[in-house]
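What the coordinates show
Read off the chains here:
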Amino acid sequence: MAISKHCKGSLLLLLLLLLCNIACAKKSKPKQLHFYMLVIPQNISMLLDNPNAHYTAVRSGAPATPQSFSFGVLNTFDNPISKIPSLHNPADILGRVQGWYGDCGQDQLTLCLAQTFTYDDGYFNGTFSLVGVGIATATLKEAAIVGGTGDFAFCRGVAAQHRISSVSINFEENAWFQYTVTLKC
Ligand SMILES: *[C@@H]1O[C@H](CO)[C@@H](O)[C@H](O)[C@H]1NC(C)=O
Ligand SMILES: *[C@@H]1O[C@H](CO)[C@@H](O)[C@H](O)[C@H]1NC(C)=O
């Protein structure tokens, strides 16, 4: 009797688990993302505009008189993000990151950032936004992910970024950055 009761209980539990497996089958939450970003900043030391330019970041504001550490300079950007540090294969492109970075330090070159990633890897799809401040010369920069939309709705986390390469092509600096974004959703 005791055994059969136990069996009934186990069967019921199994049935519940099975039903939940079907009914509760939900998409998993994003935990960690790895991707790369290309930045081609406008070369403001060029006397005339570069006819071959395909800048992803342009200077969009500066103080009336130049300040130490570029204080007050603002840049607007629209940078591609990809699975590998190359854009040759369109299948590797994950989306873009758009926003502003400004020089906001008066005693060292410091970047203030406000940007939104539009990300679609075929499984996770949506946007997440970053706000932060970092020393421009630091090799590893961390900033807060403050929220998102789509599969990133209600996610928060930390984005770690470091530069992996920088080459000058046609008087343009092409810099690749690696991102690791750790999320709690
Ligand atoms: C991702 O979301 C965008 C905007 O909602 C949509 O246009 C696109 O088709 C989606 N991609 C996938 C793989 O579902
Ligand atoms: C920017 O342009 C100047 C020429 O005006 C050039 O000497 C310099 O190398 C360029 N910078 C980069 C990163 O290509």
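We now turn to the structure provided with this report. (Residues numbered from 1 in each chain as written. Chains lettered and ligands numbered in written order. Predicted model: local features only at pLDDT ≥ 70, side-chain atom pairs only at ≥ 80, totals over all residues. Heavy atoms only, no water.)

A word on the state of the cysteines
Rules: Cysteine sulfur pairs qualify as disulfides if the two atoms are within 2.5 Å.
Summed over the entire model, instances satisfying the criterion amount to 2 disulfides. For Cys-104, the disulfide goes to Cys-112, at an S-S distance of 2.1 Å. Between Cys-104 and Cys-112, the disulfide has an S-S torsion of 90° and is therefore right-handed. Residue pairing for Cys-155: its cysteine sulfur links by disulfide to Cys-185, the two sulfurs lying 2.1 Å apart. A torsion of 105° about the S-S bond marks the disulfide between Cys-155 and Cys-185 as right-handed.

Observations concerning the site of ligand 2
This is how it is decided: Nearness here has a simple test: a residue counts as near a molecule or strand if at least one of its heavy atoms is within 4 Å of that partner. A 3.5 Å cut-off defines polar contacts: any pair of N or O atoms within that distance qualifies, except that in protein one atom must be a possible hydrogen donor and the other a possible acceptor, and neighbouring residues in sequence count only when both atoms are side-chain atoms. To be clear on the numbers: accessible area is Shrake-Rupley with a 1.4 Å probe, and residue cover counts the displayed protein chains and nothing else. For this classification, Asp, Glu, Lys and Arg are treated as charged, while Ala, Val, Leu, Ile, Met, Phe, Trp, Tyr, Cys and Pro are nonpolar and the rest, including Gly, are polar.
Taken together, Asn-43, Ser-45, Met-46, Ser-168, Phe-171, Glu-172 and Glu-173 make up the full set of residues near ligand 2. Separating an oxygen atom of ligand 2 from a side-chain N or O atom of Asn-43 is a distance of 2.4 Å. Note that an oxygen atom of ligand 2 is positioned 2.6 Å from one of the side-chain N or O atoms of Ser-168. In isolation ligand 2 has 360 Å² of accessible area, and contact with the protein removes 58% of it. Tallied by class, residues from the shell around ligand 2 come to 2 nonpolar, 3 polar and 2 charged.

Thoughts on the environment of Gly-72
Our working definition: Strands here mean DSSP runs of E at least two residues long; helices mean DSSP runs of H or I at least four residues long; both are numbered from the N terminus. Exposure classes here rest on a 1.4 Å probe applied to the protein chains alone. A residue is buried below 20% of its type maximum, exposed above 50%, and partly exposed in between. Residues count as neighbours in contact if any of their non-hydrogen atoms are within 4.5 Å of one another.
Mapped onto the elements of the fold, Gly-72 is located in the loop between strand S2 (57-61) and strand S3 (74-82). Gly-72 sits in the partly exposed class, given a relative accessible area of 39%. Distance from Gly-72 to Cys-104, taken between C-alpha atoms, is 6.1 Å for residues 32 residues apart in sequence. Setting aside chain neighbours within four positions, we find Gly-72 in contact with Gly-61, Ala-62, Pro-63 and Asp-103.

Thoughts on the nonpolar core
Soluble globular proteins tend to pack their nonpolar side chains together in the buried interior. Inclusion rule: Only buried residues count toward a nonpolar core. Its members are Ala, Val, Leu, Ile, Met, Phe, Trp, Tyr and Cys residues joined through side-chain atoms within 4.5 Å.
Counting 26 residues, the largest nonpolar core has Leu-33, Phe-35, Tyr-119 and Phe-128 as its most contacted members. Counting residues per element, this core draws most heavily on strand S9 (residues 172-184), at 5 residues. In contact with Tyr-119, other than residues within four places in its own chain, are Leu-33, Phe-35, Ile-81, Leu-94, Phe-124, Asn-125, Gly-126, Phe-128 and Phe-152.

Describing the packing of aromatic side chains
Heads up, the condition is: Centre distance within 6.5 Å is the pairing criterion for rings of Phe, Tyr and Trp, where only the six-membered ring of Trp is used; planes under 30 degrees apart are then read as stacked, over 60 as edge-to-face, and the remainder as tilted.
Scanning all chains against the criterion turns up 12 aromatic pairs. Here Phe-117 and Tyr-179 contribute two aromatic rings whose centre-to-centre distance is 5.3 Å and whose plane-to-plane angle is 80°, an arrangement assigned as edge-to-face. Placement of Phe-117 in strand S5 (residues 110-120) and of Tyr-179 in strand S9 is noted, with a sequence separation of 62 residues between them. Of the two residues, Phe-117 and Tyr-179, both sit in the buried class. Here the aromatic rings of Tyr-119 and Phe-128 are separated by 6.1 Å at their centres, their planes lie at 50°, and the arrangement is tilted.

Brief notes about the environment of Ser-70
In this fold, Ser-70 is placed in the loop between S2 and S3. A relative accessible area of 30% places Ser-70 in the partly exposed class. A C-alpha to C-alpha distance of 8.1 Å links Ser-70 and Gly-105, two positions 35 residues apart in sequence. Those residues in contact with Ser-70, other than ones at most four positions away along the chain, are Asp-103 and Leu-109.

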